[in-house]
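Listed below, chain by chain, are the residues.
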Amino acid sequence: MAHWNDYPTRYVGDANPNRPRHVHDLANEKDSCALHAVEWANNAVPFATKQAATTAGYAPCLFCMPYDKGAS
C-alpha cells in the first residue's frame, strides 16, 4: 500500500496516547489497519523488528498479524 513516508523498517507502531498501542506489519498490511490515519496524525513509530515493538509495549495488529500472540 502507498504510504506518506518511506519506512526503512517492516514494522510501524501507533504512538497515539489515546488509542491502544498496536504495531503493524507493512508486508501484510490490510485496509482495516488504517495506517494512513496513524501517519496523518504523525503518530507512526518505525521498529526494526517485531520483538523491538513488543518490548516497547506494542501489541500486534489483529488485521495484519492475526496469528501472533497477543494480537488485538
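Refer to the structure printed above.
Residues numbered from 1 in each chain as written. Predicted model: local features only at pLDDT ≥ 70, side-chain atom pairs only at ≥ 80, totals over all residues. Heavy atoms only, no water.

Chemist: Quick question: what am I supposed to make of the overall build of the protein here?
Modeler: Scanning the protein from N- to C-terminus turns up two helices and four strands. In the protein, the succession of helices and strands from N to C terminus is β-β-α-β-α-β. Its C-alpha atoms give the protein a radius of gyration of 11 Å, near enough to 11 Å, the size a compact globule of 72 residues would have. Dimensions along the principal axes, computed over C-alpha positions, put the protein at roughly 30 × 25 × 20 Å. The 72 residues of the protein split such that 33% are buried. When contacts within the protein are restricted to residue pairs at least 6 apart in sequence, those whose partners lie at least 24 apart make up 61%. (Helix = DSSP H or I, 4+ residues; strand = E, 2+ residues; numbered from the N terminus. Rg over C-alpha atoms; globule rule 2.2 N^0.38 Å. Buried < 20%, exposed > 50% of the residue type's maximum accessible area, 1.4 Å probe, protein only. Contact = heavy atoms within 4.5 Å.)

Chemist: Mind showing me how you'd approach the nonpolar core here?
Modeler: A general tendency of soluble globular proteins is for nonpolar side chains to be buried together. Membership of the largest hydrophobic core is limited to nine residues, which are Y11, V23, C33, F47, A53, Y58, C61, C64 and M65. Residues contacting V23, with those up to four places away along its chain left out, are Y11, V12, G13, F47, A53, Y58, A59, P60, C61 and M65. (Core = buried A, V, L, I, M, F, W, Y, C linked by side-chain atoms within 4.5 Å.)

Chemist: Help me understand the pattern of salt bridges in this model?
Modeler: Pairs may arise between side chains of opposite charge once their charged atoms sit close together. Counted under the stated rule, the structure contains three salt bridges. The salt bridge partner of D25 is R10, with a shortest N-O separation of 2.7 Å. Linking D25 in strand β2 (residues 22-25) with R10 in the segment before β1 (11-14), this pair joins segments that are 15 residues apart in sequence. With a relative accessible area of 42%, R10 lands in the partly exposed category. (Salt bridge = Lys/Arg side-chain N within 4 Å of Asp/Glu carboxyl O.)

Chemist: Is there a simple way to think about the state of the cysteines in this case?
Modeler: This structure, assessed with the given rule, holds zero disulfides. C64 provides the cysteine sulfur closest to C33, a residue in no disulfide bond, and the two sulfurs are 3.7 Å apart. A residue is classified by how much of its surface remains accessible, and C33, at 5% relative accessible area, is buried. Between C61, a cysteine without a disulfide, and C33, which holds the nearest cysteine sulfur, the sulfur-to-sulfur distance is 3.7 Å. (Disulfide = S-S within 2.5 Å.)

Chemist: Explain the side chain of T9 here, please?
Modeler: Tracing the chain through its elements places T9 in the segment before β1. A polar side-chain atom of T9 sits 3.3 Å from the main-chain carbonyl oxygen of F47. In contact with T9, other than residues within four places in its own chain, are L26, P46, F47 and A48. (Polar contact = N/O pair within 3.5 Å; in protein donor to acceptor, adjacent residues only side chain to side chain.)

Chemist: Can you help me understand the pairing of β2 in this one?
Modeler: Each regular strand carries side chains that alternate between the two faces of the sheet. With burial as the criterion, each face of β2 is covered, one bearing H22 and H24 and the other bearing V23 and D25. Where β1 and β2 come together, three bridges link them in antiparallel fashion. Opposite G13, over in β2, you have V23 as the bridge partner. (Pairing = 2+ DSSP bridges.)

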